[in-house]
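# Coordinates in review
Now for the letters of each chain:
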Amino acid sequence: MRFRAKIVDVACLNHFTRVINTIAKLAKTCTLRLTVDKLYFILTDKVANGGVSMWCELSQGNFFDEFQMEGVAAEHNEIYLELTPENLSRALKTAQNAKTVKIKLTNKHCPCLTVAVELPSLSSSSRIVTHDIPVGVIPRRLWNDFREPSVPDFDVSIYLPVLKTMKSVVERMKNLSNCIVLEANLNGEMNLKIETDLVSVTTHFKGLGNPPWVSEDGSQNSTQDRDPESMAEARIDIRKLLQLLAGQQVNPTKALCNIVSKRIVHFILLHEEVSLQYFIPALA
Amino acid sequence: MRCLVTGGNVKVLGKAVHSLSRIGDELYVEPTEDGLSLRAVNSSRSAYTCFLFAPLFFQLYEEGSPDPDGETFRCKVLMKSFLSVFRSLPSLEKMVEKCLISLNPRASRLVVQLHCKYGVTKTHNLSFQECELLQAVFDKELCANMLRAPARVLVDAVIHFPVTLAEVTLGVSPAGKVSFRNYLDEETEPSRTMVTELCLSEDEFQDVQVQQQSHVTFCLKEFRGLLSFAESSNLPLNIHFDSPGRPAIFTLSDPLLEVHLVLATLSDPNSSSQVRSTTLQARPANGAFPTATPDDDFMGDDIDSYMIAMETTCEEGPGLPSSPTFPQRCPHPGAALESESSTMESDLEGAVPGTPPQKKFRSLFFGSVLTQSQAGTHPGPSQDVLAEDSEGES
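Residues numbered from 1 in each chain as written. Chains lettered and ligands numbered in written order. Predicted model: local features only at pLDDT ≥ 70, side-chain atom pairs only at ≥ 80, totals over all residues. Heavy atoms only, no water.

As recorded by an unreviewed UniProt entry, chain B carries the name Cell cycle checkpoint control protein and is attributed to Terrapene triunguis. What UniProt records for chain B under Catalytic activity (unreviewed entry) is the sentence "Exonucleolytic cleavage in the 3'- to 5'-direction to yield nucleoside 5'-phosphates." What UniProt records for chain B under Sequence similarities (unreviewed entry) is the sentence "Belongs to the rad9 family." (UniProt positions renumbered as here; feature names shortened; annotations may be inferred.)

Chain A goes by Checkpoint protein in an unreviewed UniProt entry, where it is assigned to Terrapene triunguis. In the Subunit (unreviewed entry) part of its UniProt record, chain A is described as follows: "Component of the toroidal 9-1-1 (RAD9-RAD1-HUS1) complex, composed of RAD9A, RAD1 and HUS1. The 9-1-1 complex associates with LIG1, POLB, FEN1, RAD17, HDAC1, RPA1 and RPA2. The 9-1-1 complex associates with the RAD17-RFC complex. HUS1 interacts with POLB, HDAC1, FEN1, PCNA and RAD9B. HUS1 does not interact with RAD17. Interacts with DNAJC7." The annotation that UniProt attaches to chain A under Sequence similarities (unreviewed entry) is "Belongs to the HUS1 family."

This is the structure:
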């Protein structure tokens, strides 16, 4: 099992750092899955996470100049690691003006992801900073726990409003209540509502647009039969929603959510080279 | 005593006070014929700093006459109070034209008067306590190793460590490599903590004198305090150090100002005098430095054998092989410590409740409580010296 990768381009390093920073805001520990072409950051919906789950996918070619991965075995050419993304974030933080950044799987006192940063210096030899980030190697028998979640059978799918706006609205609502109701319909309308004993506040978004989903057999999605005015709603933990919105450092190319009434909200944020899916279950 | 500071030196004084405040809660003020000295020490007596401003630093410097016993006057003030006068460095720079510090032993106040723009004068009356001499015993000439570097290099080195990191280990080798690594104390679990190491080459330093490979671990927070002063003063910083356990001495000097920071370093229970039992892993314990340098592209980190072992045990059932662990640290206080300091340490651990018990920091040797006239000879390291403890201490 081997993994070595190298980033040389400053813009790629910057971009990769921003992705890691976003992941670090969403999960304290998560699973990093390495394949020949992609990296995945995965959070499964365990009780410890409050039922949220995350699936983030990057194409390695968009970030790394060199990428060599040899999995556990030939027919299972993948590596699954458990890591604390905050550590990776910290390692990359002071590396932004580096000449090169190498990431390698090593075995120091325990399996580690070693990040070696070569920094420019006034002398002839560069400065080298190495960060050994302890990781857990996840054995093959547990890999089934980390499969890609399927898109749920949603009632409404809608594009999200500008995330910055949504974030400032939710931030203020957080002071008033722990739960927020997210509802939307097929007419491009979305409401964010909180309700307490003393006050209820609703923010209305209009003209958002609904993404056209086509199911695999080519037939129209069953949601076409739905009354366009009818709202699908889910009551979710406001802090989880805020975590997702606050973690975004760059505006995604596409941002949408799929609502399964009273069950779950599935967020999809797409950037050019990164896709992030985040599931927040509805509260009872 | 009267001292008048003008112009850019006011900011220098302010920065010095900020640096002093990172060390201790009390500021010891002593006007001498060599200049005004400001000192601080921390509660566990593991850090001491002294800023000596030469008379030429001041536009006016009056030491004040010694009292009838021939003693120079010394006092200490609450650091918090003194710092509040110099709290905002930007406004100090913009608004304050002169700073007058005056002390009349018979009066009950140390007066710091800031003469600002637009005719504004701010007068601070601080209460003080008379105190004994605060002087750590150290001699940088006795240190085997010395590094000199512009402060910028060192600031850039420590930036890679988290702000909350308590201790850092500085290592040098005769081959010319200098490294900084975060120190993991006994309570931290090595398999959960990130280890960061920065390697600098000899060329980045203005002077490197290293006799043998060695490493010392000291408190980063206190060092950062000095670094931020050094950076603004543009002076090179000298680091004198020796073997683990002996204090590390950091100095800055120019004709107008001399700064010393003395930090105790962790003594190493795994000192070479002990015979080590065979260990399983390639990488030695945190105390010693790995012989592999980062340039050699991670040799010796064979994850495949770990994986093979892990995969086979998975199939069999319970229990992964435990990762190669650090060898058990067996403190042998008797073997590792020198005699006088072991007494010192046990005294202090009992006497000072603030001292963290687990850490084996050697405390600094302090001047005895004898008055200056009686302490004729400079107390040598072998003397059983007592920590300074003024009568006012509660």
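So much for the structure itself; the text now carries on.
## A short note on the state of the cysteines
Applying the stated criterion to the full structure yields zero disulfides over all chains. Unpaired in terms of disulfides, B:Cys99 finds its nearest cysteine sulfur in B:Cys3, a separation of 9.0 Å. In this structure B:Cys199 is a free cysteine whose sulfur lies 16 Å from that of A:Cys112, the closest cysteine sulfur available. Judged by its relative accessible area of 8%, B:Cys199 falls in the buried class. (Disulfide = S-S within 2.5 Å. Buried < 20%, exposed > 50% of the residue type's maximum accessible area, 1.4 Å probe, protein only.)

## Some points on the packing of helix α4 (residues 151-158) of chain B against helix α5 (residues 220-233) of chain B
All names here are of chain B. As a packed pair, α4 and α5 sit with axes 9 Å apart at the nearest point and diverge in direction by 140°. Compared by their axis directions, α4 and α5 come out oblique. Viewed along their axes, α4 and α5 form a crossing whose handedness is left-handed. Seen from α4, the contacting residues are Ala151, Arg152, Leu154, Val155 and Val158; seen from α5, they are Leu220, Phe223, Arg224, Leu227, Ala230 and Glu231. Split into classes, the residues belonging to the contact of α4 with α5 amount to eight nonpolar, no polar and three charged. (Axes fitted to C-alpha atoms, helices over the stretch in contact; angles between N-to-C directions. Helix = DSSP H or I, 4+ residues; strand = E, 2+ residues; numbered from the N terminus. Parallel < 35°, antiparallel > 145°, perpendicular 65-115°, else oblique. Left-handed = near helix turned anticlockwise from the far one by under 90°. Contact = heavy atoms within 4.5 Å. Nonpolar A, V, L, I, M, F, W, Y, C, P; charged D, E, K, R; others polar.)

## Overview of a nonpolar patch on the surface
All names here are of chain A. A surface patch of nonpolar side chains, about 310 Å² in accessible area, is lined by Leu176, Leu198 and Val199. Mapping valine 199 onto the fold places it in the loop between β13 (190-195) and β14 (200-205). You can call valine 199 partly exposed: its relative accessible area is 33%. (Patch = residues over 30% accessible without salt bridge, like charges linked within 9 Å, V, L, I, M, F, W, Y side chains within 5 Å. Areas by Shrake-Rupley, 256 points an atom, 1.4 Å probe, with all protein chains shown as cover. Salt bridge = Lys/Arg side-chain N within 4 Å of Asp/Glu carboxyl O.)

## Things to note about the domain arrangement of chain A
Residue and element names in this part refer to chain A. Considered domain by domain, chain A is made up of domain 1 (2-145) and domain 2 (156-215 + 226-281). Placing the centre of domain 1 and that of domain 2 at their C-alpha centroids yields a distance of 29 Å. The interface is formed by 20 residues belonging to domain 1 together with 17 residues belonging to domain 2. Approximately 1,600 Å² of surface area, both sides summed, lies buried where domain 1 meets domain 2, with 56% of it carried by carbon and sulfur atoms. When the buried area of domain 1 at its contact with domain 2 is split by residue, Lys25, Leu26 and Val52 rank highest and sum to 31% of it. For the pair domain 1 and domain 2, the interface holds zero salt bridges. Linking domain 1 to domain 2 there are six residue pairs in polar contact (both at pLDDT 80 or more). Those elements that place two or more of their residues in the side of domain 1 that touches domain 2 are α1 (10-26) and β4 (53-59). (Domains from an automatic or database assignment. Buried area = accessible area lost by both parts, 1.4 Å probe. Polar contact = N/O pair within 3.5 Å; in protein donor to acceptor, adjacent residues only side chain to side chain.)

## Thoughts on unusual backbone geometry
Despite not being glycine, A:Lys262 shows a phi value in the positive range, around 60°. Among the residues examined, A:Lys262 registers a relative accessible area of 58% and is labelled exposed. One non-glycine residue, B:Asn234, lies in positive phi territory at about 65°. Relative to the helices and strands, B:Asn234 resides in the loop between α5 and β18 (236-241). Judged by relative accessible area, B:Asn234 falls into the exposed class, the value being 70%.

## Things to note about the sheet that holds strand β7 (residues 96-103) of chain B
Residue and element names in this part refer to chain B. Ordered by their spatial adjacency, five strands build an open sheet running β5-β1-β7-β8-β9, and the pairing between neighbours is antiparallel. The sheet is open, and its two edges are formed by β5 (60-62) and β9 (121-127), each paired on a single side. Within the sheet, the average angular offset between the axes of one strand and its neighbour, ignoring direction, is 15°. Against the sheet, helix α1 (residues 9-21) makes contact with β1 (2-6) and β7, and its axis sits at roughly 60° relative to β7, the strand it touches most. (Pairing = 2+ DSSP bridges.)

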